[in-house]
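Coordinate inspection notes
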Amino acid sequence: MHSSPWRRVGGLEIQGEDDAYDFGSGAGFYVDATKEPWTKGYNMYSYIAKELPEALFSSFKELDGSRVSITGHSMGGHGALTLVRTCTT
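Residues numbered from 1 in each chain as written. Predicted model: local features only at pLDDT ≥ 70, side-chain atom pairs only at ≥ 80, totals over all residues. Heavy atoms only, no water.

Observations concerning the side chain of Ser25
Along the chain, Ser25 falls in the segment before helix H1 (44-59). For Ser25, the side chain forms a polar contact with the side chain of Asp18, separated by 2.4 Å. (Helix = DSSP H or I, 4+ residues; strand = E, 2+ residues; numbered from the N terminus. Polar contact = N/O pair within 3.5 Å; in protein donor to acceptor, adjacent residues only side chain to side chain.)

Thoughts on the packing of aromatic side chains
For any pair of aromatic rings, geometry is given as the distance between the ring centres together with the angle between the planes. Overall, the coordinates contain two aromatic pairs when judged by the stated rule. Both rings, one in Phe23 and one in Trp38, keep their centres 5.0 Å apart while their planes meet at 70°; by these two values the pair is edge-to-face. With a gap of 15 residues between them, Phe23 in the segment before H1 and Trp38 in the segment before H1 connect regions that are remote in the sequence. Measuring from ring centre to ring centre gives 5.3 Å for Trp38 and Tyr42, while their planes differ by 70°; the resulting arrangement is edge-to-face. There is no split in this pair, since Trp38 and Tyr42 are both buried. (Phe/Tyr/Trp six-rings, centres within 6.5 Å; stacked < 30°, edge-to-face > 60°. Buried < 20%, exposed > 50% of the residue type's maximum accessible area, 1.4 Å probe, protein only.)

Points about the nonpolar core
Nonpolar side chains in soluble globular proteins tend to end up buried together. Met44, Tyr47, Ile48, Leu52, Leu56 and Leu83 form the largest nonpolar core, which has six residues in total. Considering each element in turn, this core owes the most residues, five residues, to H1. When neighbours within four sequence positions are excluded, Leu83 is seen to be in contact with Tyr45, Ile48, Ala49 and Ile70. (Core = buried A, V, L, I, M, F, W, Y, C linked by side-chain atoms within 4.5 Å. Contact = heavy atoms within 4.5 Å.)

Structure follows, in structure tokens:
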């Protein structure tokens, strides 16, 4: 199975959220926010590393959790390398 997740963060009506291409709703980094009010919706690391796999494995019983890989292009490739270095399961 191939999954190409797209989860647009943002829409939280935080002042400055849409002001820059590399921060707030424009950011493409696979990290979790650590400060309020950003922690309410900017948690891409948790989404890619935990929420998405749980949703896929619970929805598709034929998937083998011991045979999983991640790839990406450009910032997605950077995110993939970061995730594979930090996720042990």
